[in-house]
Amino acid sequence: MPTAVLTDRERTAVQAYLRLLHTVRAAFDGPPDADRPAVVPPAVLAEAEQALARAGLTGNEEAFFRLLREWCPPPA
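This section reports on the structure supplied with the text. Being a predicted model, the structure only gives us computed values, none of them experimental.

Cut-off values and rules
Residues numbered from 1 in each chain as written. Predicted model: local features only at pLDDT ≥ 70, side-chain atom pairs only at ≥ 80, totals over all residues. Heavy atoms only, no water. Helix = DSSP H or I, 4+ residues; strand = E, 2+ residues; numbered from the N terminus. Contact = heavy atoms within 4.5 Å. Areas by Shrake-Rupley, 256 points an atom, 1.4 Å probe, with all protein chains shown as cover. Buried < 20%, exposed > 50% of the residue type's maximum accessible area, 1.4 Å probe, protein only. Arc of directions from axis to C-beta. Salt bridge = Lys/Arg side-chain N within 4 Å of Asp/Glu carboxyl O. Expected span 1.5 Å × (residues − 1). Core = buried A, V, L, I, M, F, W, Y, C linked by side-chain atoms within 4.5 Å.

## Re the overall build of the protein chain
Assigned secondary structure in the protein chain consists of 3 helices and 0 strands. Reading the secondary structure of the protein chain in the N-to-C direction produces α-α-α. In the protein chain, once contacts between residues fewer than 6 apart in sequence are set aside, the share between residues at least 24 apart is 65%. Accessible surface for the protein chain amounts to roughly 5,600 Å². Of this, 59% is attributable to carbon and sulfur atoms.

## Thoughts on helix α3 (residues 61–71)
Residues three or four positions apart in an α-helix share a direction because the helix packs 3.6 residues into each turn. All of the buried residues along α3 are Ala63, Phe64, Leu67 and Leu68. Burial along α3 is one-sided: seen end-on, the buried residues are contained in an arc of 135°. Across from the buried face of α3, at angles greater than 90 degrees, the exposed residues are Glu62 and Arg69.

## Looking at the pattern of salt bridges
With the rule as written, the count across this model stands at 2 salt bridges. Across the pair Arg11 and Asp8 runs a salt bridge whose closest N-O atoms are separated by 2.9 Å. A residue pair is termed a helical-turn pair when its members lie 3 or 4 positions apart in one helix, as Arg11 and Asp8 do in helix α1 (residues 8–29) at 3 residues. Judged by its relative accessible area of 27%, Arg11 is partly exposed.

## What about helix α2 (residues 42–54)?
Between its first and last C-alpha atoms α2 spans 18 Å; for 13 residues at 1.5 Å apiece the expected length is 18 Å, and the two agree. Note on α2: the residue one or two positions beyond its end, Gly56, has a positive phi of about 75°.

## Remarks on the environment of Ala16
With respect to the helices and strands, Ala16 occurs in helix α1. The buried category is assigned to Ala16, whose relative accessible area is 1%. For the pair formed by Ala16 and Glu49, sequence separation is 33 residues and the distance between their alpha carbons is 8.4 Å. If sequence neighbours within four positions are ignored, Ala16 has contacts with Glu47, Ala48 and Ala51.

## Notes on the nonpolar core
Ala13, Val14, Leu57, Phe64 and Leu68 are the most contacted members of the largest nonpolar core, which has 15 residues in total. Those elements that provide at least two residues to this core are α1, α2 and α3. Considering each element in turn, this core owes the most residues, 5 residues, to α1. When residues no more than four places from it in sequence are discounted, the contact partners of Val14 are Leu6, Phe64, Leu68 and Trp71.

Listed below in structure tokens is the structure:
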């Protein structure tokens, strides 16, 4: 499997996306609760969007997810 060499900005974007993903998963892991706050805190979403923009990946989901798959492949 080829190894992707990410730029610092691409790595930051992938890491921000993974934090966002873990935040969403954690929100859904608990029991249903009508008083639950918003699934994604605005600061977490803003961090991910800013990182994607700095890496030049805004609107280029195909390139971003290719980087993500290469850097963090799904478990077999």
